[in-house]
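Now for the letters of each chain:
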Amino acid sequence: MIDQAVTRAFALAAVGDMDAALAEFQHIQAERPHDADAHYNVGLAQTELGQMAEARRSYIRSLKINRRHVSALHNLALVELRSGRHKRAATLLCKVLDLSSGHPRAAIILSDIYASQHEWAMAQELLSRALAVDPTSLPALTRLGNLRRLLGDEAGAARVFAEAVRLHPGEMIPQSRLGESLRWLADPYRNSGEPE
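Residue numbers run consecutively from 1 along every chain, following the written order of its sequence. Confidence filtering applies because this is a predicted model: local features only for residues at pLDDT of at least 70, side-chain atom pairs given and counted only at 80 or more, and all residues used for totals across whole chains, interfaces and linings. Hydrogens are left out, water is left out, and the side-chain values use all remaining heavy atoms of the structure.

**As for the overall build of the protein**
At step 1: Only DSSP runs of H or I reaching four residues or more are called helices, and only runs of E reaching two or more are called strands; each is numbered from the N terminus. A count of helices and strands for the protein gives eleven helices and zero strands.
At step 2: What you see in the protein, going N to C, is helices and strands ordered as α-α-α-α-α-α-α-α-α-α-α.
At step 3: Computed over its C-alpha atoms, the radius of gyration of the protein comes to 21 Å, more than 25% above the 16 Å expected for a compact globule of 196 residues.
At step 4: Working definition: with a 1.4 Å probe on protein chains only, accessible area under 20% of the residue-type maximum means buried, over 50% means exposed, and in between means partly exposed. Out of the 196 residues in the protein, the part that is buried amounts to 39%.
At step 5: Residue contacts follow a heavy-atom distance rule, with two residues in contact if any of their heavy atoms lie within 4.5 Å. For the protein, restricting intrachain contacts to residue pairs at least 6 apart in sequence, the fraction spanning at least 24 positions comes to 41%.
At step 6: Of the accessible surface of the protein, which amounts to about 10800 Å², a share of 52% is contributed by carbon and sulfur atoms.
At step 7: Charge centroids of the protein, computed over 23 positive and 23 negative side chains, lie 6 Å from each other. As defined in this context, the radius of gyration uses C-alpha atoms, and a globule is described by 2.2 Å times the residue total to the power 0.38. Computed with a 1.4 Å probe, the accessible areas rest on the Shrake-Rupley method; for each residue, only the protein chains presented here act as cover. Only four residue types enter the charge count: Lys and Arg as positive, Asp and Glu as negative, with His and the chain ends excluded. Taken as the charge centre is NZ of Lys, CZ of Arg, CG of Asp or CD of Glu, depending on the residue.

Following this line, the structure appears as structure tokens:
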């Protein structure tokens, strides 16, 4: 009975009826108050509806039942990030990575937080960690290329963007960034000290 309700709630969410999905998830939550997934699913629907304070409470309730619920930790971190609580988000994302090294999205988001604080080495380490799990990750490759460019390693950036283009030939951002890097590397005046 509950499994059918869960299926029905996800079907409602899939067609964009988030209000109905939330109502269904809340009904399930009332039937299963000690089920971490029930609270997590309510949090998902609340997040989709922009109800961040409520979603935060739902994810916390899920974590009180199962403190190792990686998805609840990850989504709570995203809610904290949206609310401007970057330090709290970083702490939660570190816990996600401790529990699940195979979570490249958490590593990428955490690298963004470190990059925003100019902690370049840590940002680069986290992107490398994400790429170790998923070497084809376009978000990780793009960010790593951008980071290398920012740090003045244009040749390294070009290599990363070239790999992104090889893996994702239809994506315009890495193609554009690769072109910029190659033009910069080919510029005969870049090291001559002469004005352009």
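Still more to cover.
**Focus on the packing of aromatic side chains**
At step 1: Here a pair means two rings of Phe, Tyr or Trp (six-membered ring of Trp) with centres within 6.5 Å. Their orientation is stacked below 30 degrees between planes, edge-to-face above 60, and tilted elsewhere. What the rule picks out here adds up to two aromatic pairs.
At step 2: Where F10 meets F25, the ring centres are 5.0 Å apart and the plane angle is 75°; that geometry is what we call edge-to-face. Of the two residues, F10 sits in helix α1 (residues 2-14) while F25 sits in helix α2 (residues 18-31), which places them 15 residues apart along the sequence.
At step 3: Given the relative accessible area of 38%, F10 is considered partly exposed.
At step 4: Ring plane angle 45° and centroid distance 5.9 Å describe the contact between Y40 and Y59, whose orientation is recorded as tilted. Residue Y40 is located in helix α3 (residues 36-48), and its partner Y59 is located in helix α4 (residues 52-65); the two are separated by 19 residues in the primary sequence.

**Considerations on unusual backbone geometry**
At step 1: Backbone geometry places H118, a non-glycine residue, at a positive phi of 60°.
At step 2: Relative to the helices and strands, H118 is located in the loop between α7 (104-116) and α8 (120-133).
At step 3: Looking at H118, the relative accessible area reads 56%, which means it is exposed.

**Some thoughts on the confidence of the model for the protein**
As a general rule, the predicted coordinates of low-pLDDT regions are not to be interpreted in detail.
At step 1: Predictor confidence is given residue by residue as pLDDT, running from a minimum of 0 to a maximum of 100. Chain-level pLDDT for the protein is 91 on average; 95% of the residues reach the 70-or-more range.
At step 2: Per-residue pLDDT, averaged within each element of the protein, yields its smallest value for helix α11 (residues 172-186) (86) and its largest for α4 (97).

**Structural notes on the nonpolar core**
At step 1: Judged by nonpolar contacts, the single largest core of 35 residues is most densely connected at L93 and L110.
At step 2: Those elements that provide at least two residues to this core are α4, α5 (70-82), α6 (86-99), α7, α8, α9 (138-150) and α10 (154-167).
At step 3: For this core, the element with the highest residue contribution is α7, accounting for seven residues.
At step 4: What L93 contacts, discounting residues up to four positions off in sequence, is H74, A77, A106, I109, L110 and I113.
At step 5: Counting eleven residues, the second largest nonpolar core, distinct from the first, contains M18, F25, A38 and V42. What makes a nonpolar core is a set of buried Ala, Val, Leu, Ile, Met, Phe, Trp, Tyr and Cys residues whose side-chain atoms join them at distances within 4.5 Å.

**Remarks on the pattern of salt bridges**
At step 1: What makes a salt bridge here is a side-chain nitrogen of Lys or Arg within 4 Å of a carboxyl oxygen of Asp or Glu, nothing more. All told, the structure shown has eight salt bridges when counted by the stated rule.
At step 2: Two residues, R32 and D35, come together in a salt bridge whose shortest N-O distance is 3.4 Å.
At step 3: Between R143 and D112 there is a salt bridge; the shortest N-O distance is 2.8 Å. In this pair, R143 sits in helix α9 while D112 sits in helix α7, placing the two residues 31 residues apart along the sequence.
At step 4: Accessibility expressed as a relative area gives 31% for D112, which makes it partly exposed.
At step 5: Overlapping salt bridges, with partners in common, bring together R56, E80 and R85 in one network.

**Some details on the side chain of S137**
At step 1: Note that S137 resides in the loop between α8 and α9.
At step 2: In this structure, S137 is in contact with I108, L131 and H168, ignoring residues within four places of it in sequence.

**A few points about the environment of F25**
At step 1: F25 sits in the buried class, given a relative accessible area of 3%.
At step 2: Linking F25 and R183, residues 158 residues apart in sequence, is a C-alpha distance of 53 Å.
At step 3: When sequence neighbours within four positions are dropped, the list of residues in contact with F25 reads A9, F10, N41, V42 and A45.

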